[in-house]
Each structure stands twice: as structure tokens, then as C-alpha cells.
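Architecture and fold: a report
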Amino acid sequence: MSTLRPTTTHWRVWLARPLEWLGPTPLSRRKALWGLALIAPNTLGLFFFFGIPVLMAFSTSLQEWNAIRPARFIGLDNFERLIQDDRFAQALTNTFKLIGLAVPLEVGLALGVAVLLNLPLRGRNLLRTAYFLPVVTSTVAASVVWTSIFQPRYGILSQILKPLGLGDTNWLVDPGLVLIPVAVVTIWQRLGFDMVIFLAGLQAIPAELYEAARIDGAGRWGRFRHVTLPMLSPTTFLVVVLAIINGFQIFDQVYVMTLRTVPGGVGGSATTLAYYLYRRAFTNSEFGYASAIALVLFTLILLVTVFQLAIQRYWVYYEAESQS
Amino acid sequence: MNARRVGLLLIVVLMLALALPVQAQEGEAVIKALPCKEPGKLTMWVWDENWAKIIGDSIELWKSEYCPGAEVELQVQPWGQYWDLLKTNAAGGELPDVFNMSQPFFYFYAVNEAVLNLQPYWDEFGVDTSVWGSGLVGPYRWGENGDLYAAPVNWDTITVFYNKDMFDAKGLAYPTADWTWDDFAAYAEALTDPEADVYGAAVYAEYQAGYPNWIAATGETPVVDAARTDCTLDNPGSLEALNFLKGLYDKGYMPSVSVMGGTSADDAFNFWASGKVAMITGGSWKLTQALQEVPFNWDVVQLPKHPQTGRSRSIVHAVGYVASARTANPDLAANLILFLASDEGQRFFAEGGNVAPANPSPAIQQLWIDSFGETDVNIQAFVDATYDSQGVTVFEEIWDVMNTELVVKIFDLGMSVEDAVAETCDVINEQLP
């Protein structure tokens, strides 16, 4: 490809001239150094406070460790135990249920809101800000407020539902219902984030495509269906992937919203994988077992994301591809 | 030979003379502070802001009177993160030298040899550990000889808080300490007023303030026995107590968990303070707040007596001071703990009110009662409740399942006591060693 730059420099030469690998000329090297210096604080922080603990989780998952006694190597026992653990299976099911409940609604609503707020409306910026506000609100604070909204009899929602005879619904206690409030908070809080990404995607669609479609006689729906959706599909793909990853990590909402009734829900009905991991680590002091759960969570997210990458060519449309 | 006998006798008499007045004389300290051997640096953790202030004051006195040159770094780690932080610090080998311990958490730190055995120090300091009520120190004893690993800081007991205005409105006489469960049920019925959205009672919430007190009155150890061999919730006494409470709930005299807004004793207290229920079971730790904030006339009375056993039993809990097993300064840490538990150190708690000091000196206890100032409220009822009391036998791993889940199943989801208890015992048995 490039022949200007010698690419065969031996590592001994790098050692002798330590900055050679940064670039061919002094100026480019200086630029590169600056770049490295600027990303260093973040990268180092990420490495020490994220990378190292993640690596440690791998070894901890093979140990029995209660944080006080010295750890004991037990091979794959933790993973064997996971397979037989009904509560783990339940947490896994709950997590998938939550994702199934929250992600389609979240993405659908965000798309709708983004399309509406992309129209030349009066007060559009104010509305965009309003929709984005929950994103910058702390999940804990939001969950506290939502908990009171969902409280039976005295909560706002119960007051609204009272005429329907649903005023005493135990949203946060009933094992069959408790995932709904958790999903609602998740959707409410993620909506603005997804919306912003959608808005960026919408604004990148060339106006001439709409004009062409209009000339071809496409109506409002037709233009949305045949121009907006396909052109937006890379954005949609990103939003869906991020929403699912977020879904796997739901923790704060469950922690806060069930704290005052039954932590983790009656019989574990609100327990997600992340919450189960936390309880195993900090209530039962089973840090090895909790690390094994963390690894399973990590693997699941990885697999689902790889799967999505694999199937994206069936529905995601990249403009660049079609032109070549 | 004879002279020797006389000498021995003299020594015995002298010892008796020295020992006896400890009990008899007024003004003599029950637990005496001693000077430290060598000052040094200590770190200490507590979870309560107010305690930190009180403990900080007593540490100042310790530093000036008993251990000049010592330094104590006192840190508040709020309850919400206290135990998580303690564990993560233990993992890093960095437990504070001295820290507050709660009875349900002690087992974990004891079984993992993370806390220092203070018994040799009690012996050295000449402290008789039986001066403290057994419910206060029992859960902090460990090992074959029942060595005491903690000094109790405080006690808290449960009584019935009742709204006098509601009793007056219905023309009911106020309850007295000799009332029974039957009287209680009759009051609950009479005070319930669905029209006004008022319940008669709310007395099941939370382990310490709720249903376990009723189980204890039957003579049963609530939830799990002290030896951790058996879930006691399906024993006859437990079933009787829970069914008694469930009966009151089914008849509409008690609100559901959801209506109260949560399973904590604070939820019941707030419900009571807002005038929605006439009687609740509440802890001595709510006295200050109640005296300051409750807008109606109220009083407290000891828990009603079980009709057959004739016993009224409160769950008692004592926070403890413990030292890390790996502290670099065990002698100094023990000396500080001795001071904090001594009459001199405990005075600060007594005078501060709110927290009842564990030190059994009658003078200290009276100081505590007096600290609330002029009031008609029968504060003595809390002290009386310490006599026939039940220490905490439950532990962290089973906390949620018995503290909240069982309560929600019975008093919210309408499950039968027998079914709910069977499910709860299944989970508890998994956690018993």
C-alpha cells in the first residue's frame, strides 16, 4: 500500500531510537506524542481500574474466596454450580424478560420521538432537552421517584388507575408485575440517549432522497418506510446493540425499587443477573462464585453482540456499500 | 503455721472488703477505664453521623485523660455501604483497627477470624463481662469458652407506641404493662375505622420491631435458634404468633405492606406518625424523633403479654465495638474499647439521649432517661423491656427472606402462614451450616 514509509524496522532499531515507531518525521512524532499524552490519563485509568479488575475476575472465578480468608483454587466448581443453580436460571430468565420488554419499546419510542422532534416544530430544542434530561439524572434518584409513583393507594399511578379498580395494584411486590416498573424506568431513562443518536442519524439522510421519493409519488408513510428506515438502519443497529447491552446490566433500578419491600423481589422475581451477582458477592460473600456469574454475563453480552453483527447484513443498509 | 493462716485469712478478708463495695457503693464505676500503656495511631469506623459526634467527644476525653499522645482517625461510612466497604477493605487486608459491629453480622467476621478476641483484655482489665445483659453480649460471644469479642455500645428494645388521641376519641382506657394479646386484639378492633381510613395496629414489620417479638413471647426463639441448627418458624409458637397477627390483618385491623409503603419499621412508624394507625411496635431509637415530630398525644407501653406464658418479650439488639484481628496495635485498640464501654465513656451516650447506653450502671441508665427532658412519655418502659428480652440470632444471609419476604407473603400477598413459613424455612435451611 504505502511505499513511502519503511515498514520493516527491526524492533532493535525501535529500542535504539525509541520514538521511531511514532512516525517517520519529527513533526509527526511530536504530534503522535501529544496524542498519546492526551489519551494517557483515560487509558491508564481504564487499564488500572477496569482492565486489571476484569482480568482478576477471570482468576477469581476459579477460586473460592470470601474476601477475608485466603482464596482457594477450586477449578471449574463455580461454573458447575452455576448450571445447577435455580436462582441463577431465574435471574437469567428475568434478564431476558426485561430485555424483551424494554428494548423494543425503548427503541421504537425513541425512533418515534426522534422523527417527531426532527420536524420543524416550535420549541423543538426545549423538547429535545426535556427528553434528554432523564439520561443525565442519576438512576438511583429516578428510581426513588418512580418507586413512589408506583406505590399502591397513595402513588400517583394508583390515583390515576383508581377509577379502573386498579388503585391497590402491588406493582413492586407482585411477582408477576414487578418487572414492569423496572422496565418502565429503564425505558424512561434510555429514551433520550437513543433519541439523540437517532436524531444524528436522521439528519445525515440526504434531503435529495426525500425529494426523489416525493417525485416518485411516495407519501409520508412511504418515505418513512422506504427512505428513512433503510437509511437509518446503521443507526438503529447501533441503538439496538447498545440497548441490549444496557439491558444485560440492569441493576440500580432493581436495587432501589425493591429495597423497601423485598430486595430482589418476592422469591427473586425482580432479580437480574447483575443484581444476583451483587448479592452473591456482598451478601453471601461468595466473590469467586460472583466472578463466575460476571464472566457468564460478559460471555452472553459478547455472544449476543457477535450474533447481531452476523445478522446485520440482512437488515442493515450502508450507503457506501451500495455505491461501489 | 498459725501466722501463715492468719495472713491468708487477712488476705481473703482484704480481697472481700475490696470486692464487695463495687456492687454496693454509689458512684463507683461499674466498668472502670484504665490508662493506656503506650499511645499510638488507630483508625475507627462507625456508620452513624450522630454516633460519630458522641464517640468523637468521648475519644477526646480518652486522649486527654487516659492516653495522651494517641491519635484516632474516626470515619463515618454510612450504613448503606458500611458492610460492603468493610468486606472490600477486609479483602485488601485493611480493616480499621476498631469498628462498630452489629449482631447479625458478627458470625461472619468471627468464623473468618477477622475480629480480635477481647477476652484476655477483659480478664486483664478486671471486667466481669456478666454485668451486661445476656441479650446484649450473648451474640458477641465466640469459641468454646464463650469469649467476649465485643463491647456493647447500646441497647434498643421494642414497645408499643400508641396514639392517645385515638384512644380518647373511642373512649378507651390506655393500655398498661399487664395487658395481654387478647386485650391487644380488642383494642385493635375498637380502634379500626375504615371510614376514616384508620387502622387499629401495624405490628409485624421488620425483624427487630415486628413479628419476632410476638414469637418470642410464646417462649420460642424467633426465626432460627442460637446454635444455627434449626429454622424455628414452623414450630408451634411461631405459627401461633404469626396466625394471631394474620388474623388481625385478615379482619382489616392492620394495613398491608403495600399500603404502608414498605416493609421497614420506619414505614410503620411514618404511617403511625401521619395518623393512619393507632398502635405500632417501635424501637427506643425512634424516641427522639417521636418526641420532636409527632403532632398528636402519644405514649408507649410494654408489649402485651402472651396469655399462657404471661411473658412480654422484646427483641433486643446491641451494637458492639470490635477490633480487627490484624490490628498493629491490639493493646491500644482494647484500651480504647474499654474506655468507650466504661462509665466515663458511656456518659456521652447517656447524655446525648436517643441511643440507650449498654453500660448497666443505674446512674447511667437514669441519666439516659433524664436526657429526654420533661415528658409524659413512659420511657422507663424501654428499660423494663430489657429484662425479659431476646437477643438477635438471625444473620445477614437470611436477612431479606425472613425480614421482608415472609412479611410480604403473609401481610401483602395473602399467603397462608403455613405455606409462607414452609417456603421461608426452605431458604433458611440452605444457609444453616
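Please read all numbers here as calculations on a predicted model, not as lab measurements. All residue numbers here refer to positions counted from 1 along the written sequence of the relevant chain. The naming scheme follows written order: chains are lettered A onward, ligands numbered 1 onward. Whole-chain, interface and lining totals are the exception, using all residues; otherwise, since this is a predicted model, local features are given only for residues with pLDDT of at least 70 and side-chain atom pairs are given and counted only at 80 or more. Each side-chain value is worked out from all heavy atoms of the structure, with water and hydrogens disregarded.

Observations concerning the packing of aromatic side chains
Between two aromatic rings, the relevant description is the distance of the centres plus the angle of the planes. All names here are of chain B. Condition: Pairing of aromatic side chains requires ring centres within 6.5 Å, counting the rings of Phe and Tyr and the six-membered ring of Trp. Pairs whose planes differ by under 30 degrees are stacked, by over 60 edge-to-face, and all others tilted. Put simply, DSSP H or I for four residues or longer makes a helix, DSSP E for two residues or longer makes a strand, and each gets a number counted from the N terminus. Relative accessibility under 20% of the residue-type maximum defines a buried residue, over 50% an exposed one, and the middle range a partly exposed one, all with a 1.4 Å probe and only protein chains included. The criterion is that NZ of a Lys, or CZ of an Arg, lies within 6 Å of the ring centre and within 35 degrees of the ring normal, and then a charge sits over that ring.
Considering all chains together, one arrives at 59 aromatic pairs over all chains under this definition. Relative to Tyr187, the ring of Phe167 lies with its centre 5.2 Å away and its plane at 50°, an arrangement referred to as tilted. Here Phe167, found in helix α8 (residues 164-169), pairs with Tyr187, found in helix α9 (residues 181-191); they are 20 residues apart in sequence, far enough to count as distant. Consider the rings of Trp179 and Tyr187, whose centres lie 5.8 Å apart with planes at 65°: the pair is edge-to-face. For Trp179, a relative accessible area of 2% gives the class buried. Of the aromatic side chains, those joined through ring pairs into one cluster are Trp45, Trp47, Trp79, Tyr82, Trp83, Phe99, Phe105, Phe108 and Tyr109. Over the face of the ring belonging to Phe108 we find Lys87, whose NZ or CZ atom lies 5.0 Å from the ring centre. Sitting over the face of the ring of Phe348, Arg347 holds its NZ or CZ atom 5.5 Å from the ring centroid.

What about a nonpolar patch on the surface?
All names here are of chain A. Definition in use: Residues enter a patch when their relative accessible area is above 30% and they make no salt bridge; the linking distance is 9 Å between like charges and 5 Å between nonpolar side chains (Val, Leu, Ile, Met, Phe, Trp, Tyr). The Shrake-Rupley method, run with a 1.4 Å probe sphere, supplies the accessible areas, and residue values consider only the shown protein chains as cover. The salt bridge criterion pairs a side-chain nitrogen of Lys or Arg with a carboxyl oxygen of Asp or Glu, the two atoms within 4 Å.
Where nonpolar side chains cluster on the molecular surface, the patch consists of Leu46, Phe50, Val54, Leu55, Phe58, Phe298, Leu302 and Val306 and spans about 790 Å² of accessible area. Among the elements of the structure, α2 (26-60) and α13 (287-311) are those that each provide at least two residues to the nonpolar patch. Counting residues per element, the nonpolar patch draws most heavily on α2, at five residues. Considering the arrangement of structural elements, one finds Phe58 in helix α2. Residue classification places Phe58 among the partly exposed positions, given a relative accessible area of 39%.

Structural notes on the nonpolar core
To keep things clear, this is the line we draw: Here, nonpolar core refers to any group of buried Ala, Val, Leu, Ile, Met, Phe, Trp, Tyr and Cys residues whose side-chain atoms link them within 4.5 Å. Any two residues having at least one pair of non-hydrogen atoms within 4.5 Å are treated as being in contact.
Counting residues in each nonpolar core, the largest one holds 160 residues, and the members touching the most others are Trp62, Leu233, Met279 and Trp368 of chain B. When residues in this core are grouped by element, the largest group, nine residues, is from helix α15 (residues 330-341) of chain B. Not counting chain neighbours up to four residues away, the residues in contact with Leu233 of chain B comprise Tyr211, Ile215, Val223, Ser238, Leu239, Leu242, Leu406, Val421, Thr424, Cys425 and Ile428 of chain B. Listed in part, the 35 residues of the second largest apolar core include Phe88, Leu191, Leu199 and Ile205 of chain A.

Some points on the pattern of salt bridges
Residues and elements named next belong to chain B. Throughout the structure, instances matching the rule amount to 19 salt bridges over all chains. For Lys246, the salt bridge is made with Asp250, and the minimal N-O distance between the two is 3.1 Å. Of the two residues, Lys246 and Asp250 both sit in helix α11 (residues 236-250), four residues apart, roughly one turn of that helix. Take Lys246: its relative accessible area is 11%, and that puts it in the buried class. With its nearest N and O atoms 3.2 Å apart, the salt bridge here joins Glu351 to Arg347.

What about the domain arrangement of chain A?
Threshold: Bear in mind that the domain bounds are from an automatic or database domain assignment.
In terms of domains, chain A is made up of domain 1 (11-60) and domain 2 (80-323). Between the C-alpha centres of domain 1 of chain A and domain 2 of chain A there is a distance of 35 Å.

Section: the domain arrangement of chain B
All names here are of chain B. Convention followed: Throughout, the accessible surface (probe 1.4 Å) given up by two parts as they are put together, summed over both, is called the buried area.
Along its sequence, chain B is carved into domain 1 (32-155 + 317-370) and domain 2 (158-315 + 395-431). Between the C-alpha centres of domain 1 and domain 2 the distance comes to 31 Å. On the domain 2 side, the residues contacting the eight residues of domain 1 number 10 residues. Overall, the association of domain 1 and domain 2 removes approximately 800 Å² of surface from exposure, summing both partners, and the carbon and sulfur fraction of that is 51%. Taken as a group, Pro104, Tyr107 and Asn354 account for 51% of the area that domain 1 buries against domain 2, more than any other trio of residues on that side.

Regarding the packing of helix α5 (residues 124-136) of chain A against helix α8 (residues 179-203) of chain A
All names here are of chain A. To keep things clear, this is the line we draw: Here, axes are lines fitted to C-alpha atoms. For helices the fit covers the stretch in contact, and angles between N-to-C directions go from 0 to 180 degrees. For classification, angles of less than 35 degrees are called roughly parallel, those exceeding 145 degrees roughly antiparallel, those between 65 and 115 degrees roughly perpendicular, and all remaining angles oblique. Handedness of a crossing is defined here by the sense of rotation of the near helix relative to the far one, left-handed for an anticlockwise turn of less than a right angle and right-handed for a clockwise turn. Gly falls in the polar group here, along with every residue not listed as nonpolar (Ala, Val, Leu, Ile, Met, Phe, Trp, Tyr, Cys, Pro) or charged (Asp, Glu, Lys, Arg).
Packing of α5 against α8 leaves a shortest axis separation of 6 Å and a crossing angle of 130°. What the angle tells us is that α5 and α8 run oblique. The crossing of α5 and α8 is left-handed. Each of Arg128, Tyr131, Phe132, Pro134 and Val135 in α5 lies in contact with α8, whose residues at this interface are Trp188, Gln189, Leu191, Gly192, Phe193, Met195, Val196, Leu199 and Gln203. Grouping the constituent residues of the contact of α5 with α8 by class yields 10 nonpolar, three polar and one charged.

Description of the confidence of the model for chain B
In plain terms, the rule: The pLDDT score gives, residue by residue, the confidence of the prediction method on a 0 to 100 scale.
Residues with a pLDDT of 70 or more make up 94% of chain B, whose mean pLDDT is 90. Predicted confidence for residues 14-26 of chain B stays below pLDDT 50, and this span has two contacts to residues more than four positions away or in other chains.

Regarding the layout of surface pockets
Residue and element names in this part refer to chain A. The following threshold applies: Buried and open spaces are told apart on a 1 Å grid over the protein atoms alone, a cavity being a set of points where a 1.4 Å probe fits but cannot get out and a pocket being an open set with protein on both sides within 12 Å along at least five of seven lines. Residues with an atom within 4 Å of a point are the lining residues. Grid points are joined across faces, edges and corners, and a volume is the space filled by probe spheres set on the points.
Computed from the structure, the second largest pocket encloses a volume of approximately 1,000 Å³. With 10 residues, the top contributor of residues to the lining of the second largest pocket is α13. When the residues that make up the lining of the second largest pocket are grouped by side-chain class, the tally is 24 nonpolar, five polar and no charged.

A few points about the state of the cysteines
Residues and elements named next belong to chain B. Stated formally: Note on disulfides: each one is a pair of cysteine sulfur atoms within 2.5 Å.
Tallying each qualifying case throughout the model produces two disulfides over all chains. Covalent S-S linkage joins Cys36 and Cys67, the inter-sulfur distance amounting to 2.0 Å. Classification of the bridge connecting Cys36 and Cys67 rests on its S-S torsion, roughly 85°, and on that basis the disulfide is right-handed. Note that Cys36 is positioned in the loop between α2 (21-24) and β1 (41-46) and Cys67 in the loop between α3 (49-66) and β2 (71-76), a separation of 31 residues in sequence. No difference in accessibility class separates Cys36 from Cys67, as the two residues are buried. Paired by a disulfide, Cys231 and Cys425 hold their sulfur atoms 2.0 Å apart. Judged by the torsion about the S-S bond (-70°), the Cys231/Cys425 disulfide is left-handed.

Quick look at the interface of chain B and chain A
In plain terms, the rule: Here a polar contact is taken to be a pair of N or O atoms separated by no more than 3.5 Å, where protein atoms must pair a possible hydrogen donor with a possible acceptor and residues adjacent in sequence count only if both atoms sit in side chains.
With 37 residues of chain B at the contact, the number on the chain A side is 29 residues. Approximately 2,600 Å² of surface area, both sides summed, lies buried where chain B meets chain A, with 49% of it carried by carbon and sulfur atoms. One salt bridge connects Arg69 of chain A with Glu113 of chain B, and the closest N-O pair in it is separated by 3.6 Å. The interface formed by chain B and chain A holds 14 residue pairs in polar contact (both at pLDDT 80 or more) in total.

Quick word on α9 of chain B
All names here are of chain B. Threshold: Here the arc refers to the set of directions running from the helix axis out to each C-beta atom.
Every buried residue belonging to α9 is among Trp181, Phe184, Ala185, Tyr187, Ala188 and Leu191, and all of these are buried. Seen from one end, α9 has its buried residues packed into an arc of 160°, which puts them on one side. Buried-residue contacts for α9 involve α8, β9 (199-202), α10 (211-217), α11 and β10 (277-283).

A word on the pairing of strand β11 (residues 298-301) of chain B
All names here are of chain B. Condition: Two strands form a pair only when DSSP identifies at least two bridges running between them.
Side chains of β11 alternate between two faces, with Trp298 and Val300 and Asp299 and Val301 buried alike. Bridge count between strand β8 (residues 158-163) and β11: four bridges; the pairing is antiparallel. Across the sheet, residue Asn163 finds its bridge partner in β11, namely Trp298.

Structural notes on the sheet that holds strand β6 (residues 151-152) of chain B
Residues and elements named next belong to chain B. Ordered in space as β2-β1-β3-β13-β6, the five strands form an open sheet in which the pairing is mixed. Each edge of the sheet is formed by a strand with only one pairing partner; in this case those strands are β2 and β6. Here β1 runs beside strand β3 (residues 98-101); their pairing, made up of two bridges, is parallel. Bridged to Trp45 within β3 is Phe99. Strands β1, β2, β3 and β13 (320-323) of the sheet are contacted by α3, whose axis makes an angle of about 175° with β2.

So, empty space enclosed by the protein
All names here are of chain B. Under the counting rule described, the total for this entry stands at one cavity of 30 Å³ or more. As a volume, the largest cavity reaches approximately 30 Å³. The element best represented in the lining of the largest cavity is α10, accounting for three residues. In terms of residue class, the lining of the largest cavity is built from five nonpolar, one polar and no charged.

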